[in-house]
Amino acid sequence: MAKKVFLGVGHGGNDPGAVKYIKEADVNLNMALACRDYLQANGVTVKMSRTVDENDPLTEEIRECNAFNPDLAVDIHNNAGGGDGFEVYHYHKGGTSKTLAQNIEAEVKAIGQNSRGLKTRLNSSGSDYYGFIRCIKAPSIICEGVFVDNAADAAQADTLAEQRAFGIAYAKGILKTLGIADNGGNNGNTDNGNADGGAISKNDTVTFTGGPVYKSSTTAKAAKTVNKTSTCKVTAINTKGTHPYHCISQDGKGVYGWVDKASIRK
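Residues numbered from 1 in each chain as written. Predicted model: local features only at pLDDT ≥ 70, side-chain atom pairs only at ≥ 80, totals over all residues. Heavy atoms only, no water.

Q: Account for the state of the cysteines, naming residues and giving values.
A: Enumeration over the complete set of coordinates arrives at 0 disulfides. Residue Cys 143 stays outside any disulfide, its sulfur separated by 8.3 Å from that of Cys 35, the closest cysteine. Not engaged in a disulfide, the cysteine Cys 232 finds its nearest cysteine sulfur in Cys 247; these two sulfurs lie 5.1 Å apart. Here Cys 232 falls in the buried class, since its relative accessible area comes to 0%. (Disulfide = S-S within 2.5 Å. Buried < 20%, exposed > 50% of the residue type's maximum accessible area, 1.4 Å probe, protein only.)

So, in structure tokens, the structure goes:
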């Protein structure tokens, strides 16, 4: 049976969250979508508290999560208060919640973000302060990616590509905790299905959602990063490549090269 993960997406709708150099509600969603796509490509069943900019009260998140009965739950936020770096809150008695926090922290540090560490917070009765951790039945954590009111720290997540990198880092930590081998976001299907479930073929017109563009399908380092959404044509596919789709921009926004699977939508 497939493992299940619930992703809480902080704020939204009438509640923008923290706002200064970036808008927390929007960044939370972009990180969560990338996390979802990567998990789904690795065979995980995912439910998100929201997939668009809409009101998303914590009480509803908790209700949805417990009804879904996931193996793990991750609430995706960004921070405020002038600090610097990633931090993650876990269940105060440790267990799988702490292991999940440790695994995600390691992946976040691997993409270049520094960490303020693993944290717990208790209320006056000695229980976990945060409802997402206290009230959810599954092992759960709260991720705080960057401080939106610190210009240097916010710059770690002020492009779609960077936000996606955080989401993928979260997904990698989740996969490790679940004991699922990471296939790099390639589900191994011969139909080249993307994360939304649609097959992508040569000569298809797709939407490039932004991200790194590479010189070849196996190049480790990106030649450039495109931050705008673009309509593209798929001119070649290399399913064995790290970046399997070669795209040519059709609207002049500069996408011309090999891209990651999670960067395009049919």
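Read on for the rest.
Q: Talk me through the pairing of strand β4 (residues 86-90); I want residue IDs and the actual numbers.
A: Counted residue by residue, β4 has 5 buried out of 5 residues, so it is predominantly covered. Burial of the side chains of β4 extends over both faces: Phe 86, Val 88 and His 90 are buried on one face and Glu 87 and Tyr 89 on the other. Bridge analysis of β4 against strand β5 (residues 115-119) gives 4 bridges, and the strand direction is parallel. Residue pairing across strands places Phe 86 opposite Ser 115, the latter belonging to β5. (Helix = DSSP H or I, 4+ residues; strand = E, 2+ residues; numbered from the N terminus. Pairing = 2+ DSSP bridges.)

Q: Describe the nonpolar core, listing the residues and the values that go with them.
A: In this structure, Leu 39, Val 74, Ile 104, Tyr 170 and Ile 174 are the most contacted members of the largest nonpolar core, which totals 38 residues. Looking at this core, the elements with two or more residues in it are β1 (4-9), α1 (24-41), β2 (45-48), β3 (72-79), β4, α3 (95-110), β6 (140-147) and α6 (160-178). The dominant element in this core, judged by the number of residues it contributes, is α6, at 8 residues. For Ile 104, the contacting residues outside a window of four places in its chain are Val 74, Phe 86, Ile 141, Cys 143, Tyr 170, Gly 173 and Ile 174. In terms of nonpolar packing, the next biggest core, distinct from the first, is built from 12 residues, Val 213, Cys 232, Cys 247 and Val 259 among them. (Core = buried A, V, L, I, M, F, W, Y, C linked by side-chain atoms within 4.5 Å. Contact = heavy atoms within 4.5 Å.)

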